[in-house]
Amino acid sequence: VGEAWWLVMHALGGSNVRFYQVGFLATHLVNACLVARLATGLANPVIGWRAALLFALSPLFVAAISVHYLFIFDVLGCTFFLLTLVACRFAVEQRPCWVVWALPVSAITALAAYLSKEAYFTLPGAVALVLGLDAEKRWNWSMFISRKFWIGLHVIVLLAALVWRT
């Protein structure tokens, strides 16, 4: 996934390092927006935007914007990780039009996260947290178990990623 990003950036900007830095920063800002959407869905809009601001200004990602090397594998993996969680959140909100797109987005982005970086094999735990939330935004074991289809989907995607990486 990261290699594809590098190929696209090279096709668009050649060897211009600034172009890569702008692409990296744009991807990071997309991640901050995804954090806002996820945190808003899990808590409330005030917390969502505060979390997004903290994420956007986090030195963990912003410090990586250097002249020599950009940690795009980390940033892209984070994008896919967050997209998976946002898609799962949309699906559990029980809106039919969202469930239609949330299923393939959740599966594809989960696989992309797994293939981007090993650290994102923590995704099943985060998916379990999102899938277990009830209408009052409290984690509930029976709510988690009632979403067997989504759990099964993510187990299959995780196994596919493990097979692919071995």
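Preceding block: the structure.
Here the structure is a predicted model, which is why all the values come from computation and not from measurement. (Residues numbered from 1 in each chain as written. Predicted model: local features only at pLDDT ≥ 70, side-chain atom pairs only at ≥ 80, totals over all residues. Heavy atoms only, no water.)

### Focus on the nonpolar core
Working step 1: Core analysis: the largest hydrophobic core is formed by 42 residues, its most contacted members being Leu85, Tyr114, Leu123, Leu131 and Trp150.
Working step 2: Mapped onto this core, the elements with two or more residues apiece are helix H1 (2-13), helix H2 (17-42), helix H3 (45-56), helix H5 (72-92), helix H6 (96-116), helix H7 (123-131) and helix H9 (148-165).
Working step 3: Among the elements that line this core, the one with the most residues is H5, at 14 residues. (Core = buried A, V, L, I, M, F, W, Y, C linked by side-chain atoms within 4.5 Å. Buried < 20%, exposed > 50% of the residue type's maximum accessible area, 1.4 Å probe, protein only. Helix = DSSP H or I, 4+ residues; strand = E, 2+ residues; numbered from the N terminus.)

### Considering the packing of H5 against H7
Working step 1: Look at H5 against H7: their axes get within 9 Å of each other, and the N-to-C directions meet at 25 degrees. Considering their axes alone, H5 and H7 lie roughly parallel with respect to each other. Crossing hand, H5 versus H7: right-handed. Counted together, Phe81, Thr84, Leu85, Cys88, Arg89 and Val92 of H5 and Leu123, Ala126, Val127, Val130 and Leu131 of H7 form the full contact between these two elements.
Working step 2: Grouping the amino acids of the contact of H5 with H7 by side-chain chemistry returns nine nonpolar, one polar and one charged. (Axes fitted to C-alpha atoms, helices over the stretch in contact; angles between N-to-C directions. Parallel < 35°, antiparallel > 145°, perpendicular 65-115°, else oblique. Left-handed = near helix turned anticlockwise from the far one by under 90°. Contact = heavy atoms within 4.5 Å. Nonpolar A, V, L, I, M, F, W, Y, C, P; charged D, E, K, R; others polar.)

### A look at the environment of Trp5
Working step 1: Residue position: Trp5 is located in helix H1.
Working step 2: Taking the relative accessible area as the measure of exposure, Trp5 reaches 10% and is therefore buried.
Working step 3: Apart from the residues within four sequence positions on either side, Trp5 is in contact with Tyr20, Gly23, Phe24, Thr27, Ile72 and Leu76.

### A short note on the packing of H2 against H3
Working step 1: Between H2 and H3, the least distance of the axes is 7 Å, while the angle of their chain directions is 155 degrees. The orientation of H2 relative to H3 falls into the category roughly antiparallel. Of the two elements, H2 crosses H3, and the hand of that crossing is right-handed. In contact with His28, Asn31, Ala32, Val35, Ala36, Ala39 and Thr40 of H2, H3 contributes Pro45, Ile47, Gly48, Trp49, Ala51, Ala52, Phe55 and Ala56.
Working step 2: Within the contact of H2 with H3, the residues separate by chemical class into 11 nonpolar, four polar and no charged.

### A word on a nonpolar patch on the surface
Working step 1: A contiguous nonpolar patch, built from Leu129, Trp139, Trp141 and Ile145 and spanning about 450 Å² of accessible area, is present on the exposed surface.
Working step 2: Looking at the secondary structure, you find Trp139 in the loop between H7 and helix H8 (141-146).
Working step 3: Owing to a relative accessible area of 39%, Trp139 belongs among the partly exposed residues under this scheme. (Patch = residues over 30% accessible without salt bridge, like charges linked within 9 Å, V, L, I, M, F, W, Y side chains within 5 Å. Areas by Shrake-Rupley, 256 points an atom, 1.4 Å probe, with all protein chains shown as cover. Salt bridge = Lys/Arg side-chain N within 4 Å of Asp/Glu carboxyl O.)

### Here we look at unusual backbone geometry
Working step 1: Notably, Lys137 is not glycine yet its phi reads approximately 65 degrees, a positive angle.
Working step 2: Assignment of secondary structure puts Lys137 in the loop between H7 and H8.
Working step 3: With relative accessibility at 33%, the residue Lys137 sits in the partly exposed group.

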